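# Analysis of the macromolecular model
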Amino acid sequence: MLTLTLILFPIIAGLLTLASKGENAKTIASAAAFIELALGAYTYFSFVPDASTQFGLSYDWIHAAGVKFSIGIDGISLILVCLTTLMVPFIIVSTFNSNYTNANNLYALILFMQAALVGVFTAKDGFLFYFFFEAALIPVYFIAAIWGGENKIKVTLKFFIFTMFGSLFMLLALVYLYMKTPGEIHTSDITALYEVGQNLNPSQQGYIFWAFFIAFAIKMPLFPFHTWQPDTYVEAPAPATMLLSGIMLKMGTYGLIRILLPIVPAGVQAWGLTAIILSVIGIVYGSIIAIQQKDMKRLIAYSSFAHVGLMSAGIFSRTLDGLQGSLIQMLAHGINVIGLFFIVEIIQQRTKSRELARLGGITQTTPNLTVYFIIIMLGSVALPLTNGFVGEFLLLKGVYEYNVWIGAVAGITIILGAVYMLRLVQKSMFGITSRITEGFQDLTFSEKAVLFPIAFLVIALGIAPNAFLHITEPAVSQLLTIITK
Amino acid sequence: MNSIIALSLFGIANLFLGFLNNRKILLPATLAFVLVALGLNLADWNQEYLWFNNMLRTNNLSVNFASVILVATFLVVAVSRGFGDDEEHTHPAEYYAIMLFSVVGAIMMVTFENLIMLFVGLEILSVSMYILTGTDKRNLRSNEAALKYFLMGAFATGILLFGIALIYGATGSFNIHGIEALVLTAAGGSAPALLYIGIVMVIIGLLFKVSAAPFHFWTPDVYEGAPAIFTAFMSTVVKTAGFAALFRLLGGAFTGVYGTWIYILYFLTMLTLIIGNITAVYQQSFKRMLAYSSISHAGYLMLTATAKVAHTQSSILFYSLAYSVATISAFAVLMVVAETKESNAEKTNENFDIFNGLAKNNPLLAFVLTVSMLSLAGIPLTAGFWGKFFIFSDAFQRGIVVPLVVAVLMSAVGIYYYFKAIISAYFKEGDVPAIELKPIYKITLIVTTLLTIVLGIAPDLVKSIF
């Protein structure tokens, strides 16, 4: 019931927001997001850290076809449910300083998005997973296309068609597996699909691997499926960028763990190296491009592309450390990237520019912003005692265990990451004050209300990563036994 | 089966109502007629019997198909708004009467037991449609469309009839169950070439009606020329009836020679999907886009008809319902927007730009349009998604992989052109004044939209019946 409430509550709240006007919409939306956060916290604390699926529930959805509406939370789901419930309130509060026309629609769409995301992370039926996976696209498309920048129409359509195109292959793979389940009435229960997939011969598993891999690789995105991403991040308004980079790309990495690895272990065995090489190319390529960017938002977009490459490499290493690292990194990256995009939004609102060359010297008037920016930046660079360090360390250890040389190349990410992030802070915050950064106002209360908790989380997770690692560990170990069986 | 008789009488009654010189009464009367027919139709649920000397067969399958047809008719009539107030040029009583007559033909195509009845039903339906296409008398395009439709349609019916004659020659029977048995035995031994030629000709005749490639050339011109309300009628009722007939032949009478026709359909399915979707991308006119989209939807339906598995009938039914509801709402929005612009003495067309800026003053219409486009594109949360899903599952079950992959790729293409309408409505600058909708119009639009969403979330509500 708890899981269902987590999905339904944002939908109901979203409908209420849709019906309300102006300030009311703000109040309802933020109240709803915080209640959802409380629900998420309650889930976290009442979760028993073992490998089982908890708070489960299952209804007949399409009776004749054996498709069920079954949801539940295990350790892997929980960390992502926590990410979603934790970040959406900040995304909503972060919009308070901007003037969006018809803001009530914006909040409603964010809440609908939240419902779909929680649905993806808790679905225990193959088709239900697909359903939420696609449903999440619709709200974010509209957010990006209604409130986006100049080229929004072209860019968002490209984004939509790209991701939808990938997902159709996933649908084919799911239907294929579903048809192979035993019995008069087939089933699309995820464990049944695991069993069917594992019993396929290696070449069939190879086809299924690619069908799923393309879907998830486009969503994350991995090299060479990333061409939609930088443009979309730049053109989308801040809340959409935060949703996309902070939470939605985790649908791809989550899909790798939940669907791809356990369904086609032999396929992963055969093609895992290719996938890791693509991921590592993405890391290096993304970092190098990030170093050359002039636009802050674009720089962070490429950095996110590089980070997700490392997560994917860790997942395909199929080691405990790699998987654990990717999970904790999903949480950490979500927090950091949302913080970074919010800071860019603040700077853009004050100066009407995101171009590094035109900025500089902001620190002189903004002690608060500077501190928060540097903390979040350090988290993103993976300095020890920040949240980024734990994930990146485990990920690199996992990749290293898989193959020393690939691990070494992936390790460059730490150096390159430091280069582009430090460059970002230095060029925008330090140096000589430019014409547009003169008299830069320090943070307002609502901005602090977003950045303080984010900075706090950056440090808290860095000091006590075990709060989440011990939750995911049993589930990950169980997954590994399934894979290596 | 009483629905056929009732509808014929209602059609005549409608003609007489025209004498009353009271245009207001026609719309509610026709709606009531369709509802009564629907009730009579549903009364046949769970009964199986033959009518008129074994000419027509009523069973749950036919009740389901007839219900989808009648629901579509009801929705089309509901958004017809009495065909305007132009005393001189419109004759609503006749239009409604002809629509009812054509539904009689459609139901006969669903229930036929004898190939002669298939032919008669198809002709009743077609002749009515030729007339309705040409009702915009002063419009050159409407006249052109009617003539084109008539000439091409008559040719196709001729081929169908020739095919029926050849099948009769080969099997000595018009009865589809008789033919089924004879085809089965013939397929085992040496079937005469006449039989195969006849089967292919009958299939061609029907594929023409459902506008499958390469028999689709009439579709864009006819859809564009005909008044939008009849285009909506044509693209829903005619298509559903056509596929019902096709399914009954392929799944029943011609089962024995499955190995022969499957390759033809295999190829034509891919051709239809590719031509329909790729050409739709290049259309400027919204109506023409819907014409090509209707071709592509014929392709999806052919995919499941080709698969011929146990669920095929329920897949066709679900898809037809989802497609009909979405198409009717799209046309309804188009009609009301075009009419408003026309009455403001603006130069109008039926291109995508007609929707520019629609969302600003008409959030309801924009939302209805969006949901129907999403459904046609097959995006989850809408009925269209499940329609595609069921069809893909069927194709998988039969193992027809190549057309399936084509279908999947083409549905990605579909997103592009359906989203053009959404983009116009929400993101483009333009000015559509706030449109005052009549209550019945508003209710219909809300009902179709809700139906699309509800079926998108809980397809089992209807799927379990089919």
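Residues numbered from 1 in each chain as written. Chains lettered and ligands numbered in written order. Predicted model: local features only at pLDDT ≥ 70, side-chain atom pairs only at ≥ 80, totals over all residues. Heavy atoms only, no water.

A few words now on the overall build of chain A. Assigned secondary structure in chain A consists of 19 helices and two strands. For chain A, whose C-alpha radius of gyration is 21 Å, the value lies close to the compact-globule estimate of 23 Å for 485 residues. Reported as C-alpha extents along the three principal axes, the dimensions of chain A are approximately 70 × 55 × 45 Å. Buried residues in chain A amount to 67% of all 485 residues. Expressed as a percentage of contacts within chain A between residues at least 6 apart in sequence, the contacts between residues at least 24 apart total 82%. A total accessible area of about 16100 Å² is found for chain A, and carbon and sulfur atoms account for 66% of it. The centroid of the 25 positive side-chain charges in chain A is displaced by 8 Å from the centroid of its 23 negative side-chain charges. (Helix = DSSP H or I, 4+ residues; strand = E, 2+ residues; numbered from the N terminus. Rg over C-alpha atoms; globule rule 2.2 N^0.38 Å. Buried < 20%, exposed > 50% of the residue type's maximum accessible area, 1.4 Å probe, protein only. Contact = heavy atoms within 4.5 Å. Areas by Shrake-Rupley, 256 points an atom, 1.4 Å probe, with all protein chains shown as cover. Lys, Arg positive; Asp, Glu negative; His and termini not counted. Charge placed at Lys NZ, Arg CZ, Asp CG, Glu CD.)

Another point: the overall build of chain B. Within chain B one finds 19 helices and two strands. Relative to the compact-globule value of 23 Å for 466 residues, chain B shows a C-alpha radius of gyration of 21 Å, a close match. Viewed in the frame of its principal axes, chain B has a C-alpha envelope of about 70 × 50 × 40 Å. By residue count, 64% of the 466 residues in chain B fall in the buried class. Here chain B displays about 16000 Å² of accessible surface, and carbon together with sulfur accounts for 66% of that area. Chain B carries 24 positive and 24 negative side-chain charges, and their two centres are separated by 4 Å.

Next up on the list: the confidence of the model for chain A. Taken residue by residue, chain A gives an average pLDDT of 88. The fraction at 70 or more is 100%. The secondary-structure element of chain A with the lowest mean pLDDT is helix H10 (residues 229–235) of chain A, recorded at 85, while helix H4 (residues 103–122) of chain A shows the highest, at 91. (pLDDT = per-residue confidence, 0-100.)

Summarising the sheet, strand S1 (residues 54–62) of chain A and strand S2 (residues 67–73) of chain A pair through six bridges and their orientation is antiparallel. For Tyr59(A), the partnering residue across the bridge sits in S2(A) and is Phe69(A). (Pairing = 2+ DSSP bridges.)

Residues and elements named next belong to chain B. One can describe the packing of helix H9 (residues 218–225) onto helix H10 (residues 228–253) by two numbers: an axis separation of 7 Å at closest approach and a directional angle of 140°. Taken together, the axes of H9 and H10 lie oblique to each other. Here H9 contributes Trp-218, Val-222 and Tyr-223 to the contact with H10, which in turn contributes Thr-231, Met-234 and Ser-235. Among the residues making up the contact of H9 with H10, the classes are represented as four nonpolar, two polar and no charged. (Axes fitted to C-alpha atoms, helices over the stretch in contact; angles between N-to-C directions. Parallel < 35°, antiparallel > 145°, perpendicular 65-115°, else oblique. Nonpolar A, V, L, I, M, F, W, Y, C, P; charged D, E, K, R; others polar.)

Take the interface of chain A and chain B next. Of the residues lining the interface, 27 residues belong to chain A; the matching set on chain B comes to 33 residues. Of the roughly 2900 Å² buried where chain A meets chain B, counting both sides, 89% is carbon and sulfur surface. Summed over the three residues of chain A that lose the most area to chain B, namely Ile62(A), Phe131(A) and Leu172(A), the buried surface amounts to 19% of that side. Along the contact surface separating chain A from chain B lie zero salt bridges. For the side of chain A that touches chain B, the secondary-structure elements that each account for two or more residues are S1, helix H5 (126–135), helix H6 (137–147) and helix H7 (152–180) of chain A. Examining the composition of the side of chain A that touches chain B, we find that 13 residues originate from one element, H7(A), more than from any other. Per-class residue counts for the side of chain A that touches chain B are 25 nonpolar, one polar and one charged. (Buried area = accessible area lost by both parts, 1.4 Å probe. Salt bridge = Lys/Arg side-chain N within 4 Å of Asp/Glu carboxyl O.)

Our next topic: a nonpolar patch on the surface. On the surface, a cluster of nonpolar side chains totalling about 510 Å² of accessible area is made up of Leu8(A), Ile11(A), Ile12(A), Leu15(A), Leu16(A) and Leu18(A). Relative to the helices and strands, Leu18(A) resides in helix H1 (residues 2–19). (Patch = residues over 30% accessible without salt bridge, like charges linked within 9 Å, V, L, I, M, F, W, Y side chains within 5 Å.)

Looking at the secondary structure, you find Thr157(B) in helix H6 (residues 140–171). The contacts of Thr157(B), once residues within four sequence positions are left out, are Phe119(B), Leu122(B), Glu123(B), Tyr130(B) and Lys209(B).

Turning our eyes to something else, we now look at the environment of Gly407(A). Within the secondary structure layout, Gly407(A) lies in helix H17 (residues 404–429). In sequence terms Gly407(A) and Leu396(A) are eleven residues apart; their C-alpha atoms lie 6.1 Å from each other.

We now examine the packing of aromatic side chains. Taken as a whole and assessed by the stated rule, the structure comprises 64 aromatic pairs over all chains. Ring centres of Phe209(A) and Phe213(A) lie 5.4 Å apart, and the angle between their planes is 10°; on these two criteria the pair is classed as stacked. Here Phe213(A) and Phe209(A) lie together in helix H9 (residues 202–219), a separation of four residues that amounts to about one turn. The buried category is assigned to Phe209(A), whose relative accessible area is 0%. Owing to a relative accessible area of 0%, Phe213(A) belongs among the buried residues under this scheme. Relative to Phe393(A), the ring of Phe389(A) lies with its centre 5.7 Å away and its plane at 25°, an arrangement referred to as stacked. One end of the pair, Phe389(A), and the other, Phe393(A), are both in helix H16 (residues 387–402), four residues apart, so they sit about a helical turn from each other. A relative accessible area of 31% means that Phe389(A) is categorised as partly exposed. One aromatic cluster is present, formed by Trp61(A), Phe69(A), Phe127(A), Tyr130(A), Phe131(A), Phe132(A), Tyr178(A), Phe318(B), Phe385(B), Trp386(B), Phe389(B) and Phe390(B) through successive ring pairs. (Phe/Tyr/Trp six-rings, centres within 6.5 Å; stacked < 30°, edge-to-face > 60°.)

The next subject is the confidence of the model for chain B. Scored by pLDDT, chain B comes out at a mean of 88, with 97% of its residues at no less than 70. Model confidence for the complex: the whole-complex pTM is 0.87, and ipTM, which rates the interface, is 0.80.

Soluble, globular proteins show a tendency: their nonpolar side chains are buried together. Within the largest apolar cluster, 374 residues are counted, with the highest numbers of intra-cluster contacts made by Phe212(A), Phe286(B) and Met373(B). With 19 residues, helix H13 (residues 312–343) of chain B is the single largest residue contributor to this core. Once residues lying within four places of it in the same chain are set aside, the contact partners of Phe212(A) are Met170(A), Ala173(A), Leu174(A), Leu177(A), Ile259(A), Leu260(A) and Ile263(A). (Core = buried A, V, L, I, M, F, W, Y, C linked by side-chain atoms within 4.5 Å.)

This part is about the UniProt feature "domain: NADH:quinone oxidoreductase/Mrp antiporter transmembrane" (unreviewed entry) in chain A. According to UniProt, the feature "domain: NADH:quinone oxidoreductase/Mrp antiporter transmembrane" (unreviewed entry) maps to residues 123–413 of chain A in the numbering used here. Between the C-alpha atoms that bound residues 123–413 of chain A there is a distance of 33 Å. The span itself is 80% helix and 0% strand. (UniProt positions renumbered as here; feature names shortened; annotations may be inferred.)

Attention now moves to unusual backbone geometry. A cis amide bond links Met220(A) with the next residue in sequence, Pro221(A), at an omega value of -5°. Within the fold, Pro221(A) resides in the loop between H9 and H10. Along the chain, Phe223(A) connects to Pro224(A) via a cis peptide bond; the corresponding omega equals 0°. Not every positive phi belongs to a glycine, and Asn102(A) is a case in point at roughly 50°. Its identity is not glycine, yet Asn54(B) carries a phi of approximately 60°, on the positive side.

For the structure on display, the rule yields 16 salt bridges over all chains. Residue Glu447(A) pairs with Arg350(A) through a salt bridge whose shortest N-O separation is 3.1 Å. Here the residue Glu447(A) occupies a position in helix H18 (residues 445–463), and Arg350(A) occupies one in helix H14 (residues 320–351), the gap between them amounting to 97 residues. Using a relative accessible area of 1% as the deciding quantity, one classes Glu447(A) as buried. Measuring nitrogen to oxygen at the nearest pair gives 2.6 Å for the salt bridge that ties Arg288(B) to Glu224(B). On the criterion of sequence distance, the pair formed by Arg288(B) in helix H12 (residues 286–307) and Glu224(B) in helix H9 is long-range, its members being 64 residues apart. For the pair Arg288(B) and Glu224(B), one class covers both residues: buried. One network of salt bridges, with partners in common, ties together Arg141(B), Glu144(B), Lys148(B), Asp221(B), Glu224(B) and Arg288(B).

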